[in-house]
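# Results of the structural survey
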Amino acid sequence: MRNNIDRYLGIYVHIPFCKRKCDYCDFYSVCGFDDSLLDRYLKALIKQLDDYVVGNSRYTVDTLYIGGGTPSVFGGKRLAQLIKEIGKRFDFTPDIEITVEVNPESADKKLFRQLKRAGVNRISMGVQSSSDEQLLSLGRLHDFKTAESAVLLCREYCTDNISLDLMYGLEGQTMDGWIRSVEDIVSLEPAHISCYALTLEESTPMAQRRPVLPDDDTVADMYLAAVDRLGELGFEQYEISNFCRRGYRSAHNSRYWDLRPYIGIGAAAHSFFGDKRYSTIRDVDGYISGILSGESVIDEADEIAVKNRIGEYIMLRLRTIDGIDESDFERRFRTPFDSYAEKLKKYVPTAHAECGGGIYRLTPKGFFISNTIICDVLDI
Ligand code: SF4
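A brief look at the structure comes next. Keep in mind it's a predicted model, so treat the numbers as computed, not measured.

Let us look at the packing of helix α6 (residues 175-186) against helix α8 (residues 216-232). Helix-helix packing: each pair is described by the crossing angle between the helix axes and the interaxial distance. At their nearest, the axes of α6 and α8 sit 10 Å apart, and the two run at 35° to each other. Crossing angle aside, the handedness with which α6 passes α8 is right-handed. For the pair formed by α6 and α8, the contact residues are Met 175, Trp 178, Ile 179 and Val 182 on the first element and Asp 221, Met 222, Ala 225, Ala 226, Arg 229 and Leu 230 on the second.

What follows concerns the nonpolar core. Ile 11, Leu 166 and Tyr 168 are the most contacted members of the largest nonpolar core, which has 98 residues in total. Formed jointly, this core draws a minimum of three residues from each of two domains, domain 1 (5-257) and domain 2 (323-378). Here Leu 166 is in contact with Val 127, Gln 128, Ser 129, Ser 181, Val 182, Ile 185, Ile 193 and Cys 195, once residues within four sequence places are set aside.

Turning to the sheet that holds strand β15 (residues 359-362), a few remarks are in order. Taking strand neighbours across the sheet as the criterion, the 3 strands line up as β13-β15-β14 in an open arrangement whose pairing is antiparallel. Bordering the open sheet on either side are β13 (324-325) and β14 (353-356), each of which pairs with just one other strand.

The next subject is α8. The end-to-end C-alpha separation of α8 is 24 Å, in line with the 24 Å expected for 17 residues at 1.5 Å each. By the burial criterion, the buried members of α8 are Met 222, Tyr 223, Ala 226, Val 227 and Leu 230. Taken down its axis, α8 places every buried residue within 135° of arc, on the same side. Those residues of α8 that are exposed and angled more than 90 degrees off the buried face are Asp 217 and Glu 232. Looking at the buried residues of α8, the elements they touch are β5 (162-168), α6, β6 (192-197), β7 (236-239), β8 (242-244) and α14 (364-368). Of the residues one or two after α8, Gly 234 is the one with positive phi, at around 95°.

Note the cis peptide between Gly 68 and Gly 69, where omega equals 20°. With phi around 60°, Glu 189 is a residue other than glycine that occupies positive phi space. In this structure, Glu 189 sits in the loop between α6 and β6. Taking the number of C-beta atoms within 10 Å as the measure of exposure, Glu 189 has 13 and is therefore partly exposed.

Its place among the elements puts Phe 368 in helix α14. Taking the C-alpha atoms as reference points, Phe 368 and Phe 273, separated by 95 residues in sequence, lie 30 Å from one another. Sequence-distant contacts of Phe 368, that is, excluding residues within four places in its chain, are made with Ala 220, Tyr 223 and Leu 224.

Remark: helix α11 (residues 306-317) packs on helix α15 (residues 370-378), axes separated minimally by 10 Å, with the N-to-C direction vectors making an angle of 150°. One element, α11, and the other, α15, form an angle in the roughly antiparallel class. Between α11 and α15 lies a crossing of right-handed hand. Residue-level contacts link Gly 311, Ile 314 and Met 315 of α11 to Ile 374, Val 377 and Leu 378 of α15. Residues belonging to the contact of α11 with α15 are distributed by class as follows: 5 nonpolar, 1 polar and no charged.

Calculation notes
Residues numbered from 1 in each chain as written. Predicted model: local features only at pLDDT ≥ 70, side-chain atom pairs only at ≥ 80, totals over all residues. Axes fitted to C-alpha atoms, helices over the stretch in contact; angles between N-to-C directions. Helix = DSSP H or I, 4+ residues; strand = E, 2+ residues; numbered from the N terminus. Left-handed = near helix turned anticlockwise from the far one by under 90°. Contact = placed C-beta atoms within 7 Å. Core = buried A, V, L, I, M, F, W, Y, C linked by C-beta atoms within 7 Å. Buried ≥ 20, exposed ≤ 12 C-beta atoms within 10 Å, placed from the backbone. Domains from an automatic or database assignment. Pairing = 2+ DSSP bridges. Expected span 1.5 Å × (residues − 1). Arc of directions from axis to C-beta. Parallel < 35°, antiparallel > 145°, perpendicular 65-115°, else oblique. Nonpolar A, V, L, I, M, F, W, Y, C, P; charged D, E, K, R; others polar.

And the structure:
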C-alpha cells in the first residue's frame, strides 16, 4: 500500500463497440461500425484526455483499464496509440497495471504482440462457459476451443496475468455442468477468475424468449459450490465475485472497492473524482461530435454527500474479503463506526459475518445475502 494514496489516479477507457450484441447484454455498445468511426472515436478519446489533463496533472496513474464493449475490435494499433497518448499526458507509476478486455473471437497473435509492446500487462477475457451449448444460448460468438486458443496465444505473446470471466445460473445449466466449467477454466491456468450470475434484463433478446433458468436456491448453491471448488484449486476469494492466485488481485477494481478516484474516458464512461460521480452520454456519435466541437458530454454529475459516501464505502467494502477496518473508517469519515458495528455483529452467530481486531467482514455465506445485510446495516 502506498503512503500518499491521494496522489494516485485510475483511468478507465470505454470502447463501446461489439461485433454482435450478446443475447443477455444491456451494456451500452454499438454494432455495425467501420474504421472511420473507430478513428474518429480515438480522436475524441484523445481530445477528452486533453480536457482532463490540466486539472489532474498532479496525479500519477497507477491503473489503466480499457473495457467495453469489446476493446479488441478497436484494433491493436488504435489501442497502442491510445495508451501512448495517455502516457504523454499523465505520469505512470513504474508498476502500473494496464488491463485490456479481449474477446476470444477477436484475439490473435498480432493483437497480443501489439498490446505487449504498448505496455499492457493484464488481459481480461470473457469466456463465460466451457459448454458450447451455453455459449450459443448466450449469443456469444466463440466456442470453448477458440477461448482455449486465445488464452494460449495471450500467454505466449502478451502476458500470463490473465483474468477469465465465467457465468452461472444459465439456461439448461446443472450443478455438475457449472462445476465442470469452473474446472475447465482453471485448467487454462488463469491468474484471476470472475464469476457472475446471469441477470435477465427485460430489454434483452434473452429475456424476451423467457428461458427456463435455474431457481434462486440452485443459483445460490452454484455460487457456494464455486467458492469451495476454487478455494480447493488454490484461488483466494477477495471479493464477492472475484478470485485470484496469490498476488494477482485486480488493482483497478480494488480502486473502485476502496472508493479511490478514477476518471472515465469515452461514451458511457463513469468517473469518481473529487467526491463527485460523473457519467458521459451513452451515444457514440453524440460523444464524438460533442467532444470535437467543445460541447459538454457529461450526462450526469452528482456530488456525493458524506452520508452517501459512507453508505457506498460500507457497501463496497463488505463485498471484499478484507472488509472494513474500523480505525480506517473513522479516520476517513471522522465519524464513529459503532452503530454499523453493532448491526454487523448480529450476523456473526449465523456465520454470515466475522468481527475481530477492529475488522468487520462478511463470509462467503454472508456474501450471498450481502444485499440484505447491507440494507440492514445502512437502514435502507
Ligand atoms: S461482448 Fe460484452 S459488451 Fe459486447 S454484447 Fe457481448 S456481453 Fe455485451
